[in-house]
Amino acid sequence: MNRLQRLLGIDVPIVLGPFGGLSSVELTAAVSDGGGLGSFGLYGYPPARIRETVSALRAATARPVAVNLWMPRGDEVTPLDVDVQPFLDAARPLFDAAGVAVPTPPDSFLPPIDAQIDAVLDARPDVVSVVFGVPDANTLDRARERGIVVIGTATSVAEARALEEAGVAAIVATGAEAGGHRVSFLADPSESLVGTFALVPQVVDAVSVPVIAAGGIADRRGVAAAFALGAEGVQVGTSFLRTRQSAATAGHRAAISTAADTDTRLTRAMSGRPARGIPNRAMREIETAGMIAPFPAQNWLTGVFRAAATASGDADLVSLWAGQAAALSRFDDARDVLAELRAGLPD
């Protein structure tokens, strides 16, 4: 048993990537029950929903679970900061295609982070992972008092050092291959596109806490390589996202199953921040129009037609997040993915 397993109280050092908007209690519980660390993304969740989610996770599994929060980078806009009407007008064909009316801007795009943190700490999950920043000292102290392990996420060595200096217990080193958002916080993501297998050994050398490798890891070979480079755990997203236990639509899972190595790209179209996914109608039309509101206004805007498209099963109008190793995602059941990944762990 290595340091990460002891720290998290898990049997196997495999972590489920937290999917903001695509997490499910069933998938989180399946990974935890299988001996790994199931994670659930809480992006945009108000406090009441956070408490309900952690309660549901506790009811679904007796094993350790993690929840994930987005730290504010400081560049987020509010409805008072931006006139979203031009962006709404540009996206009107997508609203029409989804069969929903062009929405009226809300009072706020996101719940206050302080309220989210309070709700998470009150709910007491076993682990809290954070992206896009460093938790403050007060948050870390409060987490420790409650026995909650805090994990940070880095896309560069400098970010890993900043997280260790702040006092997080472990660090996810996430490479440019990973699906979903690029979670850089010390520099623009375009300046932090380090590949996983270049990033991991440099982070291992730079910090003393356990390092979890993420990005491009989809089968036993990726797991074995990550451990050879000094990682003490792996975080896997796309392979689990393809499984029936995830909240991804059937169309999204089908897109992952047929994706080739060059079929993903980084885009700001869906949220206003760079994220890796498979191109579809929504991504292409927004990029062609060039009308992309700043984060989180764009994420709210597309979220309206994405929700309708999810309900109807239209894969052309949702975010098809996936990593560069999507073609290696072969299984439809989370238990099979976990078994494949476990086969790559060192003896």
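A brief report on the enclosed structure follows.

Criteria and cut-off values
Residues numbered from 1 in each chain as written. Predicted model: local features only at pLDDT ≥ 70, side-chain atom pairs only at ≥ 80, totals over all residues. Heavy atoms only, no water. Helix = DSSP H or I, 4+ residues; strand = E, 2+ residues; numbered from the N terminus. Buried < 20%, exposed > 50% of the residue type's maximum accessible area, 1.4 Å probe, protein only. Contact = heavy atoms within 4.5 Å. Pairing = 2+ DSSP bridges. Axes fitted to C-alpha atoms, helices over the stretch in contact; angles between N-to-C directions. Left-handed = near helix turned anticlockwise from the far one by under 90°.

Section: the environment of Pro294
At step 1: Within the element layout of this structure, Pro294 appears in the loop between helix H13 (281–289) and helix H14 (297–312).
At step 2: When its relative accessible area of 32% is taken as the criterion, Pro294 is described as partly exposed.
At step 3: Separated by 218 residues in sequence, Pro294 and Glu76 have C-alpha atoms that sit 7.4 Å apart.
At step 4: Dropping the residues within four chain positions of it, Pro294 is found in contact with Val77 and Val82.

With respect to the sheet that holds strand E4 (residues 127–131)
Backbone-to-backbone hydrogen bonds pair the strands of a sheet. The strands run either parallel or antiparallel.
At step 1: In spatial order, the strands read E1-E9-E8-E6-E5-E4-E3-E2; together these 8 strands make up an open sheet with parallel pairing. Only two strands of the sheet have a single partner each, and these edge strands are strand E1 (14–16) and strand E2 (38–41). On average, each strand axis in the sheet is tilted by 25° relative to the strand beside it, whichever way the strands run.
At step 2: The pairing of strand E6 (residues 170–174) with strand E8 (residues 211–214) spans 4 bridges and is classified as parallel. In the sheet register, Thr174 faces E8, and the bridge partner there is Ala214.

Some points on unusual backbone geometry
At step 1: The step from Phe295 to Pro296 runs through a cis peptide bond, and the omega angle for that step is 0°.
At step 2: We note that Arg124 has phi near 55°; this positive angle belongs to a residue other than glycine.
At step 3: Considering the arrangement of structural elements, one finds Arg124 in the loop between helix H6 (113–123) and E4.
At step 4: The class of Arg124 is partly exposed, set by a relative accessible area of 45%.
At step 5: A positive phi angle, close to 70°, is found at Phe132, a residue other than glycine.
At step 6: Tracing the backbone through its elements, the reader meets Phe132 in the loop between E4 and helix H7 (137–145).
At step 7: Relative accessible area serves as the criterion here: at 1%, Phe132 is assigned to the buried category.

So, the packing of helix H8 (residues 157–166) against helix H9 (residues 196–206)
At step 1: Two elements in contact, H8 and H9, have axes whose closest approach is 9 Å; the angle formed by their N-to-C orientations is 35°. Of the two elements, H8 crosses H9, and the hand of that crossing is right-handed. For the pair H8 and H9, the contacting residues are Val157, Ala160, Arg161 and Glu164 in the first and Leu199, Gln202, Val203 and Ala206 in the second.

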